[in-house]
Amino acid sequence: MTSRIDYSVWDHIEVSDDEDDTHPNIDTPSLFKWRHEARVERMDQFIKAGEDLEKGLAESKRKLTEAQKKTKNLSSSVTDDAKAELSKAQAEEKRLKKEERDWEKKLEDHRREEKKMPWNVDTLCKEGFSKSVMNVKPDVKEETEEQKEQKHKTFVEKYEKEIKHFGMMKRWDDSQKYLSDNPHLVCEETANYLVIMCIDLEVEEKKALMEQVAHQTIVMQFILELAKSLKVDPRGCFRQFFDKIKTADQQYQDAFNDELESFKERVRGRAKIRIERAMKEYEEEERQKRLGPGGLDPAEVYESLPEEMQKCFDEKDIAMLQTVITKLDPTEAKVHMKRCIDSGLWVPNSRADEGDDKEEDATYEELNKEMGD
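Below or above, wherever it landed, is the structure these notes cover. (Residues numbered from 1 in each chain as written. Predicted model: local features only at pLDDT ≥ 70, side-chain atom pairs only at ≥ 80, totals over all residues. Heavy atoms only, no water.)

**Some details on the overall build of the chain**
A count of helices and strands for the chain gives 14 helices and zero strands. Secondary structure elements in the chain, listed N-terminal to C-terminal, are α-α-α-α-α-α-α-α-α-α-α-α-α-α. Taking all 373 residues of the chain together, the buried fraction comes to 31%. Sequence separation of at least 24 residues holds for 68% of the intrachain contacts in the chain that already meet a minimum separation of 6. As displayed, the chain offers around 25300 Å² of accessible surface, 51% of which is attributable to carbon and sulfur atoms. (Helix = DSSP H or I, 4+ residues; strand = E, 2+ residues; numbered from the N terminus. Buried < 20%, exposed > 50% of the residue type's maximum accessible area, 1.4 Å probe, protein only. Contact = heavy atoms within 4.5 Å. Areas by Shrake-Rupley, 256 points an atom, 1.4 Å probe, with all protein chains shown as cover.)

**A few points about the environment of G295**
With respect to the element layout, G295 can be found in the loop between helix 9 (250-290) and helix 10 (298-304). Note on G295: relative accessible area 39%, which makes it partly exposed. Taking the C-alpha atoms as reference, G295 lies 9.6 Å from R339; in sequence the two are 44 residues apart.

**Topic: the packing of aromatic side chains**
Under the defined criterion, the tally for this structure stands at ten aromatic pairs. Geometrically, the ring pair formed by W172 and F256 is edge-to-face, given 5.7 Å between the ring centres and 70° between the ring planes. One end of the pair, W172, is in helix 5 (residues 172-181); the other, F256, is in helix 9, with 84 residues separating them in the sequence. Arranged with centres 5.8 Å apart and planes meeting at 80°, the rings of F222 and Y252 form a pair that is edge-to-face. Placement of the pair is F222 in helix 7 (residues 207-230) and Y252 in helix 9, with a sequence separation of 30 residues. Y252 shares its class with F222; the two are buried. Through a chain of ring-to-ring contacts, the aromatic side chains of W172, F222, F241, F242, Y252 and F256 assemble into a single cluster. Lying across the ring of W103, K106 places its NZ or CZ 5.2 Å from the centre. For K244, the ring lying beneath its charged end belongs to Y252, and the centroid distance is 5.3 Å. (Phe/Tyr/Trp six-rings, centres within 6.5 Å; stacked < 30°, edge-to-face > 60°. Lys NZ or Arg CZ within 6 Å of the ring centre and 35° of its normal.)

The structure is reproduced here in structure tokens:
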């Protein structure tokens, strides 16, 4: 079986400074110190450049979102001033889209350069390397829907308690420590379960609890998105998310909050749809229970009757019904009574007791006569 582990990442590691040979007349410790300081400075500058690019891209996306909202609002107006403003807004939106693409390209180039950089004693000693989580190449073959469903089911059966515990957490530090102790939870299955959990809580009208679990859902989603962008195992980069979110980077925090609010709105929408569907299913079940011997719904038939006939059924007055029938067109009367029988509103030969039997049978025969039977 071919190994899936990518060993090529180890091909360009810088050796430790003290492995270099130097001239005996050179102050070796000083040389190592200067080399190290120069390398650390280069690394710091490179990292800062990447952070500046991320901030620039985030700001560009924010401006573009505002421009798109402005364009959308102006599109609905028909005044001349609005049309002129719309033209300017569309031009600005086009410019900002190009600016966003430029930022994305710069950031992509920066990340490409980062991957080419050799590892050294400083990068190897960072926290990201302290855990034995190996980055592996993803499978080329995608899982089928059935496989994904079975994988999710198996995972939830095994770790449901731990996922729920994570969903109830509130503090960044607690969440980070819990994932450090349970790195297997950093995956799509956890995120998917938390989404379902949010919808269930909203349906149950446990709104405050839903919002708490929604927060943890977006935490997991941000970690997974970070892993995708870095093309690494999410278990190896979740600390980077917490480091960034806890430094109070305003743009990153704003992006997180925006996504959280958007997610909660989607949860409320899905919960509403689920409730409406459940109500329709319940109403249909009740309707099926009501259906008469001819397959008609008594409630629907009652609503279709003339007001005078409705009153007869309201008051359960057979004599009044007979009088009303005589006033109707025979064909119309026959149709109404046939529908009443098929829906169970009128039950021929029914009786509450023996004493009422003959009277009710005679009355039905009279009604039939009126209908031409």
